[in-house]
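Next come the chains, spelled out residue by residue.
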Amino acid sequence: MKILGIESSCDETAVAIVEDGHRLLSNVVHTQIDIHAQYGGVVPEVAARSHIEIINPAINQALANAQLTWDDIDAIAVTYAPGLIGSLLVGTLAARTLATIHNKPLYPIHHVEAHVYANFITDQSDHLDLSLPSRQPSFPMLALIVSGGHSQLALFQDHGNYELLGQTQDDAVGEAFDKVAKIIGLPYPGGPSIAKAALNGDPNKYRLPKARLQNPYDFSFSGLKTALLRGVQAETGHDYSFPSHELPALLDDVQRADFAASFQKTAVETLVDKAEKAFRDHTPKSVVIAGGVAANQELRRQLAERLPIEIEYAPMQLCTDNGAMIATLGYFYAQKIDPVSPYDFEVVPSLSMTKTAWAK
Ligand code: KG4
Ligand code: ZN
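Residues numbered from 1 in each chain as written. Chains lettered and ligands numbered in written order. Predicted model: local features only at pLDDT ≥ 70, side-chain atom pairs only at ≥ 80, totals over all residues. Heavy atoms only, no water.

Q: Which parts of the structure should I look at to understand the nonpolar core?
A: Generally speaking, nonpolar side chains in soluble globular proteins are found buried as a group. Core analysis: the biggest nonpolar cluster contains 90 residues, and Phe156, Phe263 and Ile289 have the highest contact counts within it. Top element by residues in this core is helix α9 (residues 253-282). It accounts for 11 residues. Both domains that meet at this core, namely domain 1 (2-135 + 316-355) and domain 2 (141-306), each give it at least three residues. Contact partners of Phe263, with chain neighbours within four places excluded, come to Ala176, Phe177, Val180, Ile194, Leu208, Leu224 and Leu228. One finds Ile17, Leu25, Ala66 and Ala81 within the second-largest nonpolar core, a separate group that totals 26 residues. (Core = buried A, V, L, I, M, F, W, Y, C linked by side-chain atoms within 4.5 Å. Buried < 20%, exposed > 50% of the residue type's maximum accessible area, 1.4 Å probe, protein only. Helix = DSSP H or I, 4+ residues; strand = E, 2+ residues; numbered from the N terminus. Domains from an automatic or database assignment. Contact = heavy atoms within 4.5 Å.)

Here is the structure:
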């Protein structure tokens with residue numbers, strides 16, 4: 001079964017075709033990072049307009065790269081939640097129109113749940129060259145989902161049967177990377193630039209706090225971000241508040257690298273503390289990491305050091321937003337639930353992970 005997956009919830013216009021929930025046939029990702037970089041973050045209206053320009057060419061490109069036509073496609077899967085409303089509308093409208101014209105079943109996909117499914121792609125067409133995991137994760141599976149909009153720890157007993165163990169109470173971890181990058185004057189997106197700067201920094205230079213929460217699996221990154229801002233203010237002797245152009249300009253490269261390294265160490269340690277506790281409490285058969293922050297090498301290093309299980313990672317290209325994860329989850333949906341009518345389904349800009357979509 002070949003599924004065409006469409007993703008447009010934030011700043012990537014992405015379309016992919018996946019066969020039987022594991023074989024990647026094509027993967028087209030058009031990122032808007034350059035467009036938004038000048039503003040220091042995603043501008044929703046600009047994002048929606050860019051999706052409109054790119055969506056049709058991206059769909060055609062995905063079919064062409066896989067050397068397929070619409071006759072070969074069995075179903076369409078599309079992100080309907082959560083995300084920026086204008087961006088979601090572009091992808092879902094394209095999917096609904098194409099499902100109607102080509103008479104294909106349509107599956108609405110939860111973006112955060114889909115991130116986990118990047119780990120189920122284990123095979124690819126000859127023209128692709130991604131470094132994929134050798135096999136699909138087994139259940140029970142512990143998933144650490146760390147993206148720009150989400151930080152979640154979920155325990156999957158099976159496809160669609162999962163329990164949310166904990167989630168962020170304020171900023172998502174990727175959001176914290178992005179905001180801290182702004183505070184210390186590193187370019188957007190903050191995750192990769194902090195990771196790069198941290199390579200030259202001393203992770204023990206600044207002591208930063210870890211939040212203590214009632215639910216030991218929950219996260220909170222807002223206090224860490226504020227503590228870092230206070231640290232920068234103390235270091236520079238100026239109390240410019242955030243956001244400010246003046247404050248980052250007062251730091252030199254050594255201070256910037258030390259702040260980046262200290263922040264990254266504490267943020268990653270927090271994630272790994274929670275993942276380690278969940279692992280000990282629930283003894284899953286596999287652990288997967290999902291979302292843009294899964295690309296972080298320090299996170300991978302600390303997980304390898306502290307979890308007594310080997311983790312296979314999805315390639316970077318499938319950790320950040322893409323259509324392949326949408327198509328892959330679409331396949332498992334197609335096994336369990338009925339498609340929706342293209343005439344009456346709506347986007348849901350904020351929706352936490354739930355298993356209701358699978359319940360029959
Ligand atoms: O999953 P994603 O592409 O979009 C969302 O669904 O949010 O994640 C984007 C996030 C951004 O916050 C970005 O700064 C972060 O992932 N990110 C990283 C790294 N690469 C991307 N964070 C830490 N280290 C990285 N190497
Ligand atoms: Zn995402």
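Q: Help me out: how do you make sense of the sheet that holds strand β8 (residues 151-158) in this one?
A: What holds strands together in a sheet is hydrogen bonding between their backbones, with the strands either parallel or antiparallel. Read across the sheet, 4 strands follow the order β9-β8-β7-β10 without closing on themselves; strand pairing throughout is mixed. The strands lining the two open edges of the sheet, one partner per strand, are β9 (161-167) and β10 (286-290). Sheet twist, expressed as the average angle between the axes of neighbouring strands with direction ignored, equals 20°. (Pairing = 2+ DSSP bridges. Axes fitted to C-alpha atoms, helices over the stretch in contact; angles between N-to-C directions.)

Q: Before we go on, may I ask you to explain the coordination of the zinc ion (ligand 2) in this structure?
A: Ideal donor angles around a metal are set by the shape: a four-donor tetrahedron calls for 109.5 degrees, a six-donor octahedron for 90 or 180 degrees. In this structure, His111 (NE2), His115 (NE2) and Asp321 (OD) serve as the protein donors to the zinc ion (ligand 2), at separations of 2.0 to 2.1 Å. Classification of the site at the zinc ion (ligand 2) as irregular follows from its 4 donor atoms and the range of 96 to 139° in their angles at the metal. One chain supplies every donor to the zinc ion (ligand 2), and in sequence these donors are spaced H-x3-H-x205-D. You can see His111 and its partner His115 sitting in helix α4 (residues 111-117), 4 residues apart, about one turn around the helix. For His115, a relative accessible area of 1% translates into the label buried. (Donors = N, O, S within 2.8 Å, 3.2 Å for Na, K, Ca; no water. Tetrahedral: all angles 85-135°; square planar, octahedral: opposite > 155°, others 65-115°.)

Q: Just to check I follow, could you spell out the pairing of strand β5 (residues 106-110) for this structure?
A: It is a general feature of regular strands that their side chains alternate between the two faces of the sheet. Within β5, 5 of the 5 residues are buried, leaving the element largely enclosed by the surrounding structure. With burial as the criterion, each face of β5 is covered, one bearing Leu106, Pro108 and His110 and the other bearing Tyr107 and Ile109. Summarising the sheet, strand β4 (residues 75-81) and β5 pair through 5 bridges and their orientation is parallel. When the bridges of β5 are listed, Ile76 appears paired with Leu106. Tracing the backbone out of β4, into helix α3 (residues 85-102) and back to the parallel element β5 gives a crossover that is right-handed. (Right-handed = clockwise from strand over helix to strand, strands pointing away.)

Q: Would you explain the site of ligand 1 in this entry?
A: Taken together, 18 residues lie near ligand 1, and Gly148, Asp178, Gly191, Gly292 and Asn296 sit nearest. Elements represented by at least two residues in the shell around ligand 1 include exactly α4, α5 (173-184) and α6 (190-198). When residues of the shell around ligand 1 are sorted by domain, at least three fall in each of domain 1 (2-135 + 316-355) and domain 2 (141-306). (Near = heavy atom within 4 Å.)

Q: Explanation requested: the packing of α6 against α9 in the structure shown.
A: A pair of packed helices can be characterised by two numbers: the angle between their axes and the separation between those axes. α9 packs onto α6 with a crossing angle of 110° between their chain directions and a minimal axis gap of 7 Å. Considering the angle they form, α6 stands roughly perpendicular to α9. The two elements α6 and α9 meet at a crossing, and its hand is left-handed. Two secondary-structure elements touch here, α6 through Ile194, Ala195, Ala197 and Ala198 and α9 through Ala257, Ala260, Ala261, Phe263 and Gln264. A per-class count over the contact of α6 with α9 returns 8 nonpolar, 1 polar and no charged. (Parallel < 35°, antiparallel > 145°, perpendicular 65-115°, else oblique. Left-handed = near helix turned anticlockwise from the far one by under 90°. Nonpolar A, V, L, I, M, F, W, Y, C, P; charged D, E, K, R; others polar.)

Q: What is the right way to read the domain arrangement of the chain from this model?
A: Interfaces are often described in size by the accessible area the parts lose on coming together. Considered domain by domain, the chain is made up of domain 1 (2-135 + 316-355) and domain 2 (141-306). Taking only C-alpha atoms, the centre of domain 1 and the centre of domain 2 are 26 Å apart. Each side of the interface is counted separately: domain 1 has 24 residues, and domain 2 has 27 residues. Of the roughly 2100 Å² buried where domain 1 meets domain 2, counting both sides, 67% is carbon and sulfur surface. Counting across the domain 1 and domain 2 interface gives 0 salt bridges. Applying the counting criterion to the domain 1 and domain 2 interface returns 6 residue pairs in polar contact (both at pLDDT 80 or more). If you list the elements that add at least two residues to the side of domain 1 that touches domain 2, you get α1 (33-37), α4, α11 (316-319) and α12 (324-336). Considering each element in turn, the side of domain 1 that touches domain 2 owes the most residues, 5 residues, to α4. (Buried area = accessible area lost by both parts, 1.4 Å probe. Salt bridge = Lys/Arg side-chain N within 4 Å of Asp/Glu carboxyl O. Polar contact = N/O pair within 3.5 Å; in protein donor to acceptor, adjacent residues only side chain to side chain.)

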